[in-house]
Amino acid sequence: MKPAIEIRNLGKEYTLKSGQSYVALRDVITNSFRNIFTRTKSDQKFFALKDINLDVMQGERIGIVGHNGAGKSTLLKIISRITPPTTGEAIIRGRVGSLLEVGTGFHPELTGRENIYLNGSILGLKKTEINKQLDAIIDFSGVEKFIDTPLKHYSSGMQLRIAFSVAAHLEPEILLIDEVLAVGDMEFQKKCLGKMEEVSKSHGRTILFVSHNLAAVKQLCTKGLLLEYGENKLYNDINTVLQTYSSSYLQKVNRTAIGSYDLGQHPNKIKPGSGLLSAKMFINNNLAEEFIPGSDFKITAGYYLTSPLVDPEVGIVIKDENYIPVIGLNNKHLGKKLELKVNEPGEVTISIPAFNIYMPGKYFVDLYLGDQVHY
């Protein structure tokens, strides 16, 4: 059996324009004269995807992960024929249904019902085929009260419900989902994941799922693709891919977010504007890495500022092993106003007495320092 998606030597190059967004006539004349005597600086180019090779078999559920700008959305846009590749090719065997951006393929002046027919026709379905699934689409979306209301009056969450219902029920052989489920509420996200798993197992649909929600990716997908700076870093079973991605992410965070500077011994190595430079966790006033529920919890962070903050805020976000936030806390929650040093090393502390996290497992702490003032 041939793959549902066959990608060979795929690359996508973009050009970063160095020109002005607004050009007056005098600029055109001046630049034309200048170019006679000088060489103009060429536009900068970069590859969003580089030499991607991939086979996705029918019925496989592939989770695509990677940092922002890794090329995930670009890959789905090429597969869905929204944008052409610069090099290589993507061979698609089957009808593609894509959910890349909320509202894509919908008309704001048409009602929800009319948009179902519109989107179905874009997928190449006849009216009779859409009629067979119409009631199921409306029921799954949960917006039946507003189905004959123009889409422009829908919230983004309601638009997502309609869009996903259409994509899932109009039977495309290949379904592409790009992060848009983050718009919906938790209940609907769970409903969507269940539906995708159902159509993949029972109807052999192929699914490519891009998301930063690693718990959702792990729940739905059997295989994973890790993209890094446009390249195929790893294509393997989902657990192996997520473990590799998590390890890479943690190494990056440990190097750049909290650093490893000893503020007392190396003040001359602190770069201007560095912000947070180090962090330590204390359990019952003892330096530790393991936490027992009910213990006193404390994070001490070293910082260096070159300019004062108007309304400084320091906080933490504790996430479980799937990077889902469990609790967030900052000095404003504790009713404390910070007075931070400038142009010299300083230290701030967040303390939670008798802190309770009863579920055993691995947790991660994100630490931030910034200015709460909004301009």
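Residues numbered from 1 in each chain as written. Predicted model: local features only at pLDDT ≥ 70, side-chain atom pairs only at ≥ 80, totals over all residues. Heavy atoms only, no water.

### Description of the sheet that holds strand 10 (residues 275-283)
Hydrogen bonds between backbone atoms are what pair the strands of a sheet, whose relative direction is either parallel or antiparallel. Here we have four strands laid out as an open sheet, ordered 11-10-12-15, and antiparallel in their pairing. In this open sheet, the two edge strands, each paired with only one partner strand, are strand 11 (286-287) and strand 15 (346-355). By the bridge criterion, eight bridges tie strand 10 to strand 12 (residues 295-304) in an arrangement that is antiparallel. Opposite S278, over in strand 12, you have G302 as the bridge partner. (Pairing = 2+ DSSP bridges. Helix = DSSP H or I, 4+ residues; strand = E, 2+ residues; numbered from the N terminus.)

### Re the pairing of strand 8 (residues 223-228)
For a regular strand, side-chain orientation follows a simple rule: the groups alternate between the two sheet faces. Across four bridges, the pairing between strand 3 (residues 61-65) and strand 8 is parallel. By the bridge assignment, G63 is partnered in strand 8 with G224. Taken together, the six bridges between strand 8 and strand 9 (residues 231-237) define a ladder with antiparallel strand orientation. Opposite K223, over in strand 9, you have D237 as the bridge partner. Linkage of strand 8 to strand 9, two consecutive antiparallel strands, is achieved through a turn of two residues, within which Y229 is found at a positive phi near 55°.

### What about the pattern of salt bridges?
Under the defined criterion, the tally for this structure stands at 12 salt bridges. Between R8 and E6 there is a salt bridge whose closest N-O contact spans 3.6 Å. As a salt-bridge pair, E198 and K195 come within 3.6 Å of each other at their nearest N and O atoms. Taken together, the positions of E198 and K195, both in helix 6 (residues 186-203) and three residues apart, correspond to about one turn of that helix. You can call E198 partly exposed: its relative accessible area is 42%. Salt bridges linked by common partners bring E6, R8, D55 and R93 together as one network. (Salt bridge = Lys/Arg side-chain N within 4 Å of Asp/Glu carboxyl O. Buried < 20%, exposed > 50% of the residue type's maximum accessible area, 1.4 Å probe, protein only.)

### Considerations on the packing of helix 4 (residues 127-141) against helix 5 (residues 156-169)
The geometry of helix 4 relative to helix 5 is characterised by a closest axis approach of 9 Å and an angle of 140° between their N-to-C directions. Here helix 4 is positioned oblique relative to helix 5, judged by the angle of their axes. Between helix 4 and helix 5 lies a crossing whose hand is right-handed. Contacts from Q133, A136, I137, F140 and S141 in helix 4 reach R161, I162, F164, S165, V166 and H169 in helix 5. Residues of the contact of helix 4 with helix 5, tallied by class, amount to six nonpolar, four polar and one charged. (Axes fitted to C-alpha atoms, helices over the stretch in contact; angles between N-to-C directions. Parallel < 35°, antiparallel > 145°, perpendicular 65-115°, else oblique. Left-handed = near helix turned anticlockwise from the far one by under 90°. Contact = heavy atoms within 4.5 Å. Nonpolar A, V, L, I, M, F, W, Y, C, P; charged D, E, K, R; others polar.)

### Details of the sheet that holds strand 13 (residues 312-319)
Reading across the sheet, the three strands line up as 14-13-16 and stay open at both edges, with antiparallel pairing between neighbours. Two strands close off the open sheet at either side, each with one partner strand: strand 14 (325-330) and strand 16 (364-371). Strand after strand, the sheet turns through a mean of 15° between neighbouring axes, direction not considered. Across five bridges, strand 13 lies against strand 14 in antiparallel orientation. The residue bridging I316 from the neighbouring strand is L329, located in strand 14.

### Here's the deal with the packing of aromatic side chains
Applying the stated criterion across every chain yields a total of two aromatic pairs. Note that K127 overlies the ring of Y117, its terminal NZ or CZ placed 5.9 Å from the centroid. Sitting over the ring of F140, K191 keeps its end group 4.6 Å from the ring centre. (Phe/Tyr/Trp six-rings, centres within 6.5 Å; stacked < 30°, edge-to-face > 60°. Lys NZ or Arg CZ within 6 Å of the ring centre and 35° of its normal.)

### As for the nonpolar core
Membership of the largest hydrophobic core comes to 43 residues, with the highest contact counts inside it found for V65, I116, I162, F164, M196 and F209. For this core, the secondary-structure elements that each account for two or more residues are helix 4, helix 5, strand 6 (174-178), helix 6, strand 7 (206-210), helix 7 (214-220) and helix 8 (238-256). Here this core takes eight residues from helix 5, the largest share from any one element. Counting residues in each nonpolar core, the second largest holds 24 residues, with L10, I174, V210 and L225 among its members. (Core = buried A, V, L, I, M, F, W, Y, C linked by side-chain atoms within 4.5 Å.)

### Side note on the confidence of the model for the protein
The predicted model of the protein averages 78 in pLDDT, with 79% of residues at 70 or higher. Low confidence marks residues 250-273, where pLDDT is under 50. Its contacts with residues over four positions away, or in another chain, come to 28 contacts. (pLDDT = per-residue confidence, 0-100.)

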